[in-house]
Amino acid sequence: MRSRTRVIGGVGAVVLLAVLVCFVYLETRGGYYPSYAAATFSTLAAPAAGGHAAGDPVAHTDAGALRGAFAGSAVAFMGIPYARPPVGELRWEAPQPATPWTGVRDAARPGPACAQDPAGLTPFLAPMAKAYGSSYAAPPVQSSEDCLYLNVWAPKWPPKNALPVMVWLHGGSNKVGSGAQSSYNGASLTARGVVLVTINYRLGVTGFFSHPELTAKSPHHSSGNYGLMDQIAALEWVRNNIAQFGGDPQNVTLFGESAGAIDAAMLMTTPLAEGLFRRVISESGPAFSPALTLSQAEAFGKAVADLAPGDPHATPLERLRALPAAEVEKLVVKAKQHFAGDTSSFTEDGWVLRQSPQQAFLNGSILKVNLLIGLNGRELSAFRLAAAAPGNPLGNQKGGAAGALKQFSDAARPFFGIWTKPAIALYVGDILTRREAGLDRAANDLVVACPIGAMASLTSAAGQRVFVYRFERSIPGKGQAELGAFHGLEVPYVFGDLRDPAWQWLPFTSDDAALSNLIQTYWTNFAKSGSPNAPGLPNWPAWSDGKKEFLEVRKDGSITAQRSFPPLFSDLSAGDLRKGFRSE
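Note that the structure is predicted; figures quoted are calculated from it, not measured.

Engineer: Even after reading the chapter, I still don't get the packing of aromatic side chains, so can you show me in this structure?
Structural biologist: The geometry of an aromatic ring pair is captured by the separation of the ring centres together with the interplanar angle, meaning the angle of the planes. Applying the stated criterion across every chain, the model contains 30 aromatic pairs. Look at Phe471 and Tyr493: their rings are 5.3 Å apart centre to centre, the planes differ by 65 degrees, and that puts the pair in the edge-to-face class. Of the two residues, Phe471 sits in strand S17 (residues 466–471) while Tyr493 sits in helix H17 (residues 491–494), which places them 22 residues apart along the sequence. Across the pair, exposure class does not vary: Phe471 and Tyr493 are buried alike. Pairwise contacts between aromatic rings join Phe467, Tyr469, Tyr522, Trp523, Phe526 and Trp540 into one cluster. Stacked on the ring of Trp92, the Lys or Arg Arg91 has its end atom at 5.2 Å from the ring centre. Of note, Arg105 hangs over the ring of Trp101, and the distance from its end group to the ring centre comes to 5.3 Å.

Engineer: Explain the environment of Gln504 to me, please; I cannot follow it from the model alone.
Structural biologist: Here Gln504 lies in the loop between H17 and helix H18 (510–529). Taking the relative accessible area as the measure of exposure, Gln504 reaches 56% and is therefore exposed.

Engineer: Explanation requested: the sheet that holds strand S6 (residues 104–106) in the structure shown.
Structural biologist: The pairing of strands in a sheet happens through backbone hydrogen bonds and is either parallel or antiparallel. Taking strand neighbours across the sheet as the criterion, the three strands line up as S2-S3-S6 in an open arrangement whose pairing is mixed. Unpaired on one side and paired on the other, strand S2 (58–60) and S6 mark the two borders of the sheet. The average undirected angle you get between the axes of adjacent strands in this sheet is 30 degrees. Relative to S6, strand S3 (residues 65–67) runs parallel, the two sharing three bridges. Paired with Leu66 across the two strands is Arg105, which belongs to S6.

Engineer: How should the packing of helix H2 (residues 122–131) against helix H12 (residues 381–388) be read in this particular structure?
Structural biologist: Each packed pair of helices is defined by two parameters, the angle between the axes and the distance between the axes. At a minimum axis separation of 8 Å, H2 and H12 run at an interaxial angle of 95 degrees. Taken together, H2 and H12 sit at an angle that is classed as roughly perpendicular. Each of Pro123, Phe124, Pro127, Met128 and Ala131 in H2 lies in contact with H12, whose residues at this interface are Ala382, Phe383, Leu385 and Ala386. Tallied by class, residues from the contact of H2 with H12 come to nine nonpolar, no polar and no charged.

Engineer: How should I be thinking about the sheet that holds S17 in this particular structure?
Structural biologist: Across the sheet, twelve strands lie side by side as S1-S19-S18-S17-S16-S13-S12-S10-S11-S9-S5-S4; this open sheet has mixed pairing. Of all the strands in the sheet, the pair left with one neighbour each is strand S1 (35–36) and strand S4 (69–71). Bridge count for strand S9 (residues 149–154) against strand S11 (residues 195–199) is four bridges, and the pairing is antiparallel. Counted as the bridge partner of Asn151 is Thr198 from S11.

Engineer: So what exactly am I meant to see when it comes to the state of the cysteines here?
Structural biologist: Linking two cysteines covalently via their sulfur atoms produces the bond known as a disulfide. Counting across every chain of the model gives one disulfide. Linked covalently through their sulfurs, Cys114 and Cys147 form a disulfide whose S-S length is 2.1 Å. Taking the torsion about the S-S bond as the criterion, the Cys114 to Cys147 disulfide, at about 85 degrees, is right-handed. Of this pair, Cys114 sits in strand S7 (residues 113–114) while Cys147 sits in the loop between strand S8 (143–144) and S9, placing them 33 residues apart in sequence. By relative accessible area, which is 2% here, Cys114 ends up buried. The class for Cys147 is buried, based on a relative accessible area of 1%.

The rules behind these values
- Residues numbered from 1 in each chain as written.
- Predicted model: local features only at pLDDT ≥ 70, side-chain atom pairs only at ≥ 80, totals over all residues.
- Heavy atoms only, no water.
- Phe/Tyr/Trp six-rings, centres within 6.5 Å; stacked < 30°, edge-to-face > 60°.
- Helix = DSSP H or I, 4+ residues; strand = E, 2+ residues; numbered from the N terminus.
- Buried < 20%, exposed > 50% of the residue type's maximum accessible area, 1.4 Å probe, protein only.
- Lys NZ or Arg CZ within 6 Å of the ring centre and 35° of its normal.
- Pairing = 2+ DSSP bridges.
- Axes fitted to C-alpha atoms, helices over the stretch in contact; angles between N-to-C directions.
- Parallel < 35°, antiparallel > 145°, perpendicular 65-115°, else oblique.
- Contact = heavy atoms within 4.5 Å.
- Nonpolar A, V, L, I, M, F, W, Y, C, P; charged D, E, K, R; others polar.
- Disulfide = S-S within 2.5 Å.

Right under this line is the structure:
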């Protein structure tokens, strides 16, 4: 009996010691870094706005002259065509140069959004507003296939110096959204000494559709990725014309959120974008996954085309082009009932994407650009609420908890290796204990944080400077516990537009205004020099394979640097990533 007691006591001591070691490890793995309160940056002012010459601002482009308008402290040129309208025979074709015009074209109003569901972002934002005890309902989106327009914001007129350029790619799952949304007002960012460009690009079935007929007619024997080609065409327009607006075509930063961030990272992997930008800011949109093969994308496109009504003697492509884009989208919905596929996904088409983005990062065949990349603390909470909303199209999810668990396990394996099962067990325990909050944490780590850490490590290994952040700020109020730092929350901070109608349901505080000042300063510093740092700011350490340091915006809006970004049990060093994905 005594020996058994000694054994039990010994085991208990070992377990207790192990728990203590784990506790100490978890407490110290982040290191010790100072924390700075958000209020510290309330006086961090943007440079004084430059004066404007009398009269309407007029700029000259390679297609013709434009008349813009003054917008507060900035000057804005809206609705600038960067390509011909992709309609009729140009639907599902590479963008063509804009048709020149004579005289001075009015550029005081934006062009229409690209063809999309009239509900736009309302199904995404409305459930979150409801969680905060408020409501959100935007007017129906007015969209058109004639939509390849961009907008330029400059801080002063006439321009005197060549300023860094920031080109924004909007989010919206590559299905909805527009570069002209009011939440992308450029006055605040440009006051910090940059020129801002926001663009439209083809979405959904008009932007990401493949079909054997399209492939056969293509000089590159490819189809799909038209939205990415639009973005490349817009960047080419920037290279050729932005000097007329005071921008430096040799100093362009491409930045985006959600789908826009994914698109920006996709462009890091294509030779077609070589020389068009020097830096990328990627907000909550990792691009570290396989793409559809061309044959997979064509098969789904054929399933859609086979449903098209019309002249039986016409080809499937001719019948599709005879339909309005909204009717083609309905055919996509029908095709999905019997055939796996999507029209917001990228295709490894052999021309725009010559390999999967995952493979490009793993083998280092990415453009030599610096990267600022990060995520929010509870990205998936917004999608969880949207999926649960009655009648919400985002709610058509299949697989349930068992399906989610398998997805998590499959996603984790290359990042966690032999530690996959312990990691999944930890996540399952957290989900059982904290329910939705635990599920959000697991999804954040496995679906967002791990791919982002992988992109950071592999970009750094390719010789580029990388800066990583984690945005944990959550807004006090009724919905704080349910949502936390949800997907898209950093956007109003980046644009300095906390009072925009899209965000009026959030009870922002003076700390949020101060935090917005700091984030805009970091973002524009990075665009200017490739580093977010400057005298007087909390130091943001660059990523290294050893420490894996990052900047954390805490729940209360304070700022601190931290190390050990990867989730517990994962490594994400470049060498281990290559081994892990090679064994897949």
